[in-house]
Amino acid sequence: NETAVQGRGKVLIGNVEQFFDRIGVVAIRLNGELKVGDIIEIGSEEDAVRQRISSMQINKENVEVAYEGDSVGIKLNHKVRVGCDVYKVG
């Protein structure tokens, strides 16, 4: 079953608060822990975007790890919609 394999190991980690098109940055409100090096997936299966986090910021300060309740900015190579679910893949 392909769907089950794709879905395995995904944890809902937050949702997209804002997307800054000109600078390619997504703001994500977290409901769990996220670290530099983690792989995130944004959106639904058909148009999901996956990317490894190379850096992230809270209030324009670089951080290695962020926690539930934080709002983080992450450079993203793709456009995403506000309100999309964000998953940590692993």
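Note: the structure precedes this text.
We now turn to the structure provided with this report. (Residues numbered from 1 in each chain as written. Predicted model: local features only at pLDDT ≥ 70, side-chain atom pairs only at ≥ 80, totals over all residues. Heavy atoms only, no water.)

**Things to note about the overall build of the protein**
Of regular secondary structure, the protein possesses one helix and ten strands. N-terminal to C-terminal, the α/β element order of the protein is α-β-β-β-β-β-β-β-β-β-β. In terms of overall size, the protein behaves like a compact globule, its C-alpha atoms giving a radius of gyration of 12 Å where 90 residues would be expected to give roughly 12 Å. The principal-axis extents of the C-alpha atoms in the protein amount to approximately 45 × 25 × 20 Å. Intrachain contacts of the protein at a sequence separation of at least 6 include 62% that bridge at least 24 residues. Carbon and sulfur atoms make up 47% of the accessible area of the protein, which amounts to about 5700 Å² in all. (Helix = DSSP H or I, 4+ residues; strand = E, 2+ residues; numbered from the N terminus. Rg over C-alpha atoms; globule rule 2.2 N^0.38 Å. Contact = heavy atoms within 4.5 Å. Areas by Shrake-Rupley, 256 points an atom, 1.4 Å probe, with all protein chains shown as cover.)

**Notes on the pairing of strand β10 (residues 85–89)**
Judged from the five bridges that link them, strand β1 (residues 10–20) and β10 form a sheet pairing that is antiparallel. Its bridge partner lying in β10, G14 is registered against V86. In this sheet, β10 lies alongside strand β4 (residues 39–42) in antiparallel orientation, the contact comprising four bridges. Looking at the pairing, I39 lines up with V89 of β10. (Pairing = 2+ DSSP bridges.)

**A closer look at the side chain of D38**
Of note, D38 is situated in the loop between β3 (34–35) and β4. The class for D38 is buried, based on a relative accessible area of 15%. (Buried < 20%, exposed > 50% of the residue type's maximum accessible area, 1.4 Å probe, protein only.)

**Topic: the side chain of K10**
With respect to the secondary-structure elements, K10 resides in strand β1. Side chain to side chain, K10 and E41 meet in a polar contact 2.7 Å long. In this view, K10 contacts E41, E45, R50, Y87, K88 and V89; residues no more than four positions away in its chain are not counted. (Polar contact = N/O pair within 3.5 Å; in protein donor to acceptor, adjacent residues only side chain to side chain.)

**Digging into unusual backbone geometry**
What you tend to see is this: most non-glycine residues have negative phi, and most peptide bonds are trans. One non-glycine residue with positive phi stands out, namely N59, at about 50°. Positionally, N59 belongs in the loop between β6 (56–58) and β7 (61–63). Classification of N59 by relative accessible area gives exposed; the value is 70%. If you check the backbone angles, K60 has positive phi at about 65° while not being a glycine.

**Let's talk about the pattern of salt bridges**
The tally for this structure, following the rule as stated, stands at seven salt bridges. Between K10 and E41 there is a salt bridge; the shortest N-O distance is 2.7 Å. Pair noted here: K10 is in strand β1 and E41 is in strand β4, with a separation of 31 residues, a long-range link. The residue R29 makes a salt bridge to E17 at a minimum N-O spacing of 3.2 Å. (Salt bridge = Lys/Arg side-chain N within 4 Å of Asp/Glu carboxyl O.)

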